[in-house]
Amino acid sequence: MRQVHDAQRSFKYPGPDVEPALLTQGEPNLVSTTRFTALTWLPKSLWYQFQRAANLYFLFIAVIVCLPFSPKRWQSKVFPYIAVLAWTSLKDLYEDSRRRADDRRENARQCWRYDFEANRFERIAWRHVKPGDFVCTLCDEPFPADLLLLCAEGGQGAFISTVNLDGETNLKLRTAPKTFSSFRSLSTGRCEVPPPECAEAVAELCRRQLELRLAVPSADLSDMHASITLDGGSAACAASCDNFAPRGCVLRNTPWMLSLVAYAGRDTKACLNSAQAKGKVSLMQRALNQCVYGLLTALFLACCYMATAAKVVDPGTDWLVRFLTYTITVYHVVPISLYVSFELLKLVLGRFIDMDAQMVDPISGQGATTRTADLVEEMGQIDFVFSDKTGTLTANEMRFARCALGRQSFGSFIQDPAGGPVPGLLAAKEALKSDASERREEVLWFFTCLAVCHTVQVSEDMQFSGPSPDEVALVEGARSVGVTFSKRRTGADGQEEIVLSGPDGDRVFVLRHVIEFNAERKRMSVLCEHNGAVYCLTKGADSIMSPLLTTPLGAWEEDQLRSFSQLGLRTLVVASKKVAPADFARWEAAWSEAQNSMQNHKERVAQVGADMEKELQLAGLTAVEDRLQDGVPEAIATLKAAGIRLWVLTGDKTETAVDIAYSCNLFSKDMDLAFVCNCRTGEDIQMKLQEAKQVMENGKPSGLVLDGQTLKLIFQQGLAVELYELAMLSRCCVCSRLSPAQKRQIVEEVRKNSGAITLAIGDGANDVPMISGAHLGIGIRGKEGSQAVQASDIAISQFRFLVPLLLCHGRRAYRRIASFLCYYLYKNAALAWGDLIWAHQNGFSGEVAYPEWLSTSFNALFTSWPVIIVLAFDQDVDDAVANTSPGIYLEGLQRQWFNAFIFSSWMVAAWFHGCLAWLLPSAAFGFPTDYESPDFWRASTTSFTLVIFIVTLKLVLHSLQRCSAATLGPLALSLAVYLLVLFLLGYTSIGSRMQPNLAGDPPVPGWIFSNMEPLLMMVLGTLCALLPDWAALLWVRRLRPSPLFQVRSASKSKDKEMLT
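Residues numbered from 1 in each chain as written. Predicted model: local features only at pLDDT ≥ 70, side-chain atom pairs only at ≥ 80, totals over all residues. Heavy atoms only, no water.

As annotated in an unreviewed UniProt entry, the chain carries the name Phospholipid-transporting ATPase and comes from Effrenium voratum. Recorded under Subcellular location (unreviewed entry), the UniProt text for the chain is reproduced unchanged: "Membrane". (UniProt positions renumbered as here; feature names shortened; annotations may be inferred.)

Encoded structure:
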């Protein structure tokens, strides 16, 4: 079936006759995003859960605990395990039920489809739409599938909103292919049902034997093309993405639109782009897995040792049975609740990010959104930040700033805030009024190119909107001097026309073809006809445009571009040529053939387009200003002070990128810059890399500047390691002239050559590869659509919000998650030491050391949920202090809260506390070995209670707000729960059945809490166990404080001064 969807398809009318025929079988437009059915839910959910190795381990324990030799009741292990599996399965079912409800609503939406038998349009559910159907969409209705536009009310095309697909809020014009230009419609106004013209058009198309060939479905939003013929003719008309309306988009400002269903269901752009990205795994998750594997290895070795010792003590012992017995006894070293608690804590921390008022955009009112809570602790360990420039550091609010043509540089076109004349605007208007015809025509033609070469739309109130703010700025620049793009319209011959008003009155340019801009071409062209002549108007990056000119850019033009770039402006080169009729006819035939091609469509179109864009005449140079976002310089200074390396990756000129780097505090005046640019050979690269290394090693602050061409050669020459060494020597870097693929390549090379954690931040579709390639991707809600946000792990509205995101939430999340992992594994290891010592006391008989139901409840009831609450709310310093104290972020960069030494110290504490908690009561009761004697169970219960007290108070000691309600409240409640369970087991009938060892005469719980000796052991044992912890924390926090504790101390002193 997949081969059918990956094939080209064709529709022939009357019919429709659809090939492949399987495309119309069943309900091809039915959308299903669910993972399960009623029959597959439980098996598939369990299958997914058992992909995690820990669940296989717990399954192994649940199986062997049911065997006759098990020292523990199977209920105490099987039921909790089943509960965890059931909880996860029910969570999966709940999430899937929400998806199913969404699918049901989506598939039940209504649209108007033409019924060939009834010869009229009928209202049907979206799920019944099939490829080849004719659909009429009314104003403000969404499109049920990817549609090919046939005609619209008034014949002017249709305006659609694609915000649901790509996030862009500006309306886009979609027009019918030229072959349908004869299907002109009268203005009917807004209607509630399809007008009769729609049914008449369908009948006419069937009569004229419409045939449509479509390409293989593609996820690329710009890759939609088809070939259309009428009347059985051999000449085909091409259709491009400008003729298609994707599923989920909405018809706006157009009463109705007639279309044909090109792609349905899983073949639509919306569905092809809804696939989930490959999941990312955090560094702490990997560290947890390594710790678990290490503990399981230690457990395996310990069980082997004890089984062997049992064999030595009693040669008749079955070694395998005794090994499995001890595996059951000490399995809780890695508890079932570990991963569940780990995920719950991350969800809570992610929710804190969503609720943070300091990251709410004052304009849009939107706050930060955590799309992937699994990575919150990564934000506290970021070594490299890779940032886009336009729309990320800058506001993406373009203004036409300057221009130069004919060896004259006009002044600024931007009004000075202090008022006064605008020199550039005055000079341009003066030139247009000049009597010198040659000069006037040169200036007029330059601004005419700006007003014609674009894809901007204009509303009735003369408001411009377009897919790129750059284009809008250029059109507004032309309007400012009097050359105004006033409207688009369809001419008498069905061709699109652009109408300009200006010094010479209204002028009409017939739009023949558009060669679109993309990241590889870095230019766009318009072929238009004016007064019987055909012109090619092109604008693009200077590095791309210069080779296309009859005379490459000279020294004067290069100087102008450099001066514009040094002002931080974005530059473009504008050029044009007059095309001879014969040349245009030959090219148009080749263009039509390329547009109609089904194989290698993109490559053929690009090649034919490039054939036209040659021997151009320079019209002029433009410069557009894009101001910095609020707070960007301060944010970058703070991030640099936090020890984070910042790289700005942009497609702009090197000079523009460097100037922006100075203005946003990435570079400072006292820095030495190392330029590794404009390399053409391997020798050039080697030399410049060596020179850059010398600059970096001179001991002064330094920055690195690279360009795309040099980076390409670096990777081709296998010099990525040398580049990484430079990256580690420099605190900041600018990379210019980069493609989206190069941005991702840089990020991946840094990841590959180091253990550094990378963060990529951007706002546009061209930043998606970089965002996906980094450990942590941040999407900025900008003016270039929502694709960056959709691909990100966390979404924010402005770059400056990166400071609280990293310095407040990221830093705390790292400390909290690190403390959680250490504490969670510590407390279970401490409990296990009692079983290990007891094995030696009783001759390795395989009996358990602690009351079974107490050890079973150790995690679920007594110790797991308090640590989540305590650490989630354990505040170190206020947000304001954290934002102004970047030095405290270094603890994450240096991995101070989780490393081999820290984890080992916690495990040593577990050994000490576990041994002390068992040996002290055992020694007081004379080291009892009779498993049925009251003394053994009194000693055992006292020891277990001592473990509870020690691990609970250790959490208090290690918390930073020891006296807060969020710390003391949960821990006090957990102790109360423990005492309640303990007394229920000792004093109730159900307790005596579950744990008969505690229901003696008198019951063990009452005895140990009514006698001085066990009470004294609990108090003194807890104090002795935690005294080393207290001394170590005193040394670390008071006598040798880290930057965090220095800031905490200063903050507390300041608060006390304010109170006094």
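Now that the structure has been shown, we can carry on.
> Would you mind showing me how to read the pattern of salt bridges here?
When charged atoms on two side chains of opposite charge get close, those side chains can pair. Here the structure, examined in full by the defined rule, presents 45 salt bridges. As a salt-bridge pair, Glu 613 and Arg 521 come within 2.8 Å of each other at their nearest N and O atoms. Here the residue Glu 613 occupies a position in the loop between α17 (601-612) and β27 (617-628), and Arg 521 occupies one in the loop between β23 (507-515) and β24 (523-530), the gap between them amounting to 92 residues. Judged by relative accessible area, Arg 521 falls into the buried class, the value being 8%. Here Asp 611 makes a salt bridge to Lys 614, at a shortest N to O gap of 3.9 Å. Overall, Asp 611 belongs to the partly exposed group, its relative accessible area being 36%. Taken together, the shared-partner salt bridges in this structure form one network comprising Arg 811, Arg 812, Arg 815, Asp 874, Asp 876, Asp 879 and Glu 891. (Salt bridge = Lys/Arg side-chain N within 4 Å of Asp/Glu carboxyl O. Helix = DSSP H or I, 4+ residues; strand = E, 2+ residues; numbered from the N terminus. Buried < 20%, exposed > 50% of the residue type's maximum accessible area, 1.4 Å probe, protein only.)

> Would you mind showing me how to read empty space enclosed by the protein here?
Remark: the empty space left among the atoms is shown by a probe the size of a water molecule rolled over them. Applying the stated criterion across every chain yields a total of 3 cavities of 30 Å³ or more. Taken as a whole, the largest cavity encloses approximately 90 Å³ of empty space. As for the largest cavity, its lining consists of 13 residues, and the residues nearest its centre are Ser 819, Leu 871, Leu 955, His 958 and Ser 959. When residues of the lining of the largest cavity are traced back to their parent elements, those giving at least two are α26 (802-841) and α31 (934-958). For the lining of the largest cavity, the class distribution of residues is 6 nonpolar, 3 polar and 4 charged. (1 Å grid on protein atoms, 1.4 Å probe; cavity = no way out; pocket = protein on both sides within 12 Å on 5 of 7 lines; lining within 4 Å. Points joined across faces, edges and corners; volume = space filled by probe spheres on them. Nonpolar A, V, L, I, M, F, W, Y, C, P; charged D, E, K, R; others polar.)

> Just checking my understanding: could you explain the pairing of strand β25 (residues 533-540) for this structure?
If a strand is regular, its side chains alternate between the two faces of the sheet. In terms of burial, β25 is largely enclosed, as 8 of its 8 residues are buried. With burial as the criterion, each face of β25 is covered, one bearing Ala 533, Tyr 535, Leu 537 and Lys 539 and the other bearing Val 534, Cys 536, Thr 538 and Gly 540. Note: β24 against β25, 8 bridges, orientation antiparallel. Its bridge partner lying in β25, Cys 528 is registered against Tyr 535. Between β24 and β25, which pair antiparallel one after the other, the connecting turn spans 2 residues, and Asn 531 there sits at a positive phi close to 55°. Sheet topology note: the β25/strand β26 (residues 570-579) ladder contains 7 bridges and is antiparallel. Bridging from a neighbouring strand, Tyr 535 pairs with Lys 578 of β26. (Pairing = 2+ DSSP bridges.)

> Which parts of the structure should I look at to understand the UniProt feature "domain: P-type ATPase C-terminal" (unreviewed entry) in the chain?
As annotated by UniProt and renumbered to match this structure, "domain: P-type ATPase C-terminal" (unreviewed entry) occupies residues 789-1041. As a span, residues 789-1041 carries 73% helix and 1% strand, and end to end its C-alpha atoms are 40 Å apart.

> What exactly am I supposed to notice about the nonpolar core here?
In terms of nonpolar packing, the biggest core is built from 164 residues, with Leu 666, Phe 667, Phe 799, Leu 802, Leu 806, Tyr 826 and Phe 898 touching the most fellow members. Per-element tally for this core: the top contributor is α26, with 25 residues. Apart from the residues within four sequence positions on either side, Phe 667 is in contact with Val 658, Ala 661, Tyr 662, Leu 673, Gly 703, Leu 704, Val 705, Cys 732, Cys 733 and Val 734. In this structure, Leu 405, Ala 431, Val 443 and Cys 453 belong to the second largest nonpolar core, which totals 45 residues. (Core = buried A, V, L, I, M, F, W, Y, C linked by side-chain atoms within 4.5 Å. Contact = heavy atoms within 4.5 Å.)

> How should I be thinking about the packing of aromatic side chains in this particular structure?
The description of an aromatic ring pair rests on the distance of the ring centres and on the angle between the ring planes. In total, this model carries 44 aromatic pairs according to the counting rule given. Between Phe 464 and Phe 485 the ring centres are 6.0 Å apart and the planes differ by 15°, which places this aromatic pair in the stacked class. Of this pair, Phe 464 sits in strand β20 (residues 464-465) while Phe 485 sits in strand β21 (residues 484-490), and the two are 21 residues apart along the sequence. An identical accessibility class is assigned to Phe 464 and Phe 485; each is buried. Aromatic side chains Phe 983 and Tyr 987 sit 5.7 Å apart centroid to centroid with 15° between the ring planes, which places their arrangement in the stacked category. Taken together, the positions of Phe 983 and Tyr 987, both in helix α32 (residues 965-987) and 4 residues apart, correspond to about one turn of that helix. Clustering of aromatic rings is evident, with ring pairs tying together Trp 838, Tyr 850, Phe 858, Phe 862, Trp 918, Tyr 931, Phe 936, Trp 937, Phe 944 and Tyr 978. If you follow Lys 827 out to its NZ or CZ, it ends over the ring of Tyr 824, 3.9 Å from the centre. (Phe/Tyr/Trp six-rings, centres within 6.5 Å; stacked < 30°, edge-to-face > 60°. Lys NZ or Arg CZ within 6 Å of the ring centre and 35° of its normal.)

> Is there a simple way to think about the packing of helix α4 (residues 75-107) against helix α27 (residues 852-872) in this case?
Packed helices, taken two at a time, are described by the angle their axes make and the gap between the axes. Where α4 contacts α27, the two axes come as close as 10 Å, and the packing angle between them is 20°. The orientation of α4 with respect to α27, classified from their angle, is roughly parallel. When you trace α4 past α27, the crossing you get is right-handed. For the pair α4 and α27, the contacting residues are Gln 75, Ser 76, Lys 77 and Pro 80 in the first and Glu 852, Trp 853 and Thr 856 in the second. (Axes fitted to C-alpha atoms, helices over the stretch in contact; angles between N-to-C directions. Parallel < 35°, antiparallel > 145°, perpendicular 65-115°, else oblique. Left-handed = near helix turned anticlockwise from the far one by under 90°.)

> Explain the sheet that holds strand β11 (residues 237-239) here, please?
Each strand in a sheet pairs with another by means of backbone hydrogen bonds, the pair being arranged parallel or else antiparallel. Taking strand neighbours across the sheet as the criterion, the 5 strands line up as β2-β1-β9-β10-β11 in an open arrangement whose pairing is antiparallel. Of all the strands in the sheet, just β2 (17-19) and β11 have a single pairing partner and so form its edges. On average, adjacent strands in this sheet sit at an angle of 15° to one another, irrespective of strand direction. Relative to strand β9 (residues 211-214), strand β1 (residues 9-12) is paired through 4 bridges, and the arrangement is antiparallel. By the bridge assignment, Lys 12 is partnered in β9 with Glu 211. Running at roughly 110° to strand β10 (residues 226-229), helix α16 (residues 581-596) makes contact with β9, β10 and β11 of the sheet.

> What am I meant to see in the sheet that holds strand β8 (residues 172-174) here?
Reading across from one edge, β8-β7-β13 is the order of the 3 strands in this open sheet, with antiparallel pairing throughout. What marks the edges here is a single partner per strand, and that holds for β8 and β13 (250-252). When strand polarity is set aside, the average angle formed by the axes of neighbouring strands in this sheet is 50°. Alignment of strand β7 (residues 158-161) against β13, held across 3 bridges, turns out to be antiparallel. Bridge pairing links Phe 159 to Arg 252 in β13.

> Would you mind showing me how to read the pairing of β27 here?
Where strand β17 (residues 394-405) and β27 come together, 7 bridges link them in antiparallel fashion. Bridge pairing links Ala 404 to Leu 621 in β27. Here 7 bridges tie β26 to β27, and the two strands are oriented antiparallel to one another. The residue bridging Val 573 from the neighbouring strand is Leu 621, located in β27.

> Whenever I open this one, helix α9 (residues 319-329) confuses me. Can you help?
For α9, the buried fraction is high: 8 of the 11 residues fall into the buried class. Within the sequence span of α9, burial applies to Arg 322, Phe 323, Leu 324, Thr 325, Tyr 326, Thr 327, Ile 328 and Thr 329. Packed against the buried residues of α9 are α3 (53-64), α8 (283-313) and α26. Two or three places before Leu 320, at the opening of α9, Asp 318 has a side-chain oxygen 3.1 Å from that residue's backbone nitrogen. (Polar contact = N/O pair within 3.5 Å; in protein donor to acceptor, adjacent residues only side chain to side chain.)

> Got a minute to help me understand helix α20 (residues 682-696) in this structure?
Side chains three or four residues apart in an α-helix point the same way, a direct result of the helix having 3.6 residues per turn. End to end, α20 covers 21 Å across 15 residues, agreeing with the expected 21 Å (1.5 Å per residue, within 8%). The set of residues buried in α20 consists of Gly 682, Ile 685, Leu 689, Ala 692 and Met 696. Angularly, the buried residues of α20 cover 85° about the axis, an arc narrow enough to put them on a single face. Exposed residues on α20 whose side chains face more than 90 degrees from its buried face are Glu 683 and Gln 694. (Expected span 1.5 Å × (residues − 1). Arc of directions from axis to C-beta.)

> Whenever I open this one, the UniProt feature "transmembrane region" (unreviewed entry) in the chain confuses me. Can you help?
According to UniProt, the "transmembrane region" (unreviewed entry) feature falls on residues 292-313, 319-342, 897-919, 939-957, 969-990 and 1015-1036. Helix and strand shares over residues 939-957 are 100% and 0% respectively, and the end C-alpha atoms of the span are 26 Å apart.

> How should I be thinking about the packing of α31 against helix α35 (residues 1012-1039) in this particular structure?
Contact geometry of α31 with α35 gives a least axis separation of 9 Å together with a crossing angle of 25°. The angle between α31 and α35 places the two elements in the roughly parallel class. Handedness of the α31/α35 crossing: right-handed. On α35, the residues touching Thr 942, Thr 945, Leu 946, Phe 949, Ile 950, Leu 953, Lys 954, Leu 957 and His 958 of α31 are Pro 1014, Met 1017, Met 1018, Gly 1021, Thr 1022, Ala 1025, Leu 1026, Asp 1029, Trp 1030, Leu 1033 and Arg 1037. Here the contact of α31 with α35 is composed, by residue class, of 12 nonpolar, 5 polar and 3 charged.

> I would appreciate a short explanation of the side chain of Thr 329 in the present structure.
Residue placement: Thr 329 occurs in helix α9. Other than its neighbours up to four places away in sequence, Thr 329 contacts Pro 71, Lys 72, Asp 835, Gly 846 and Val 848.

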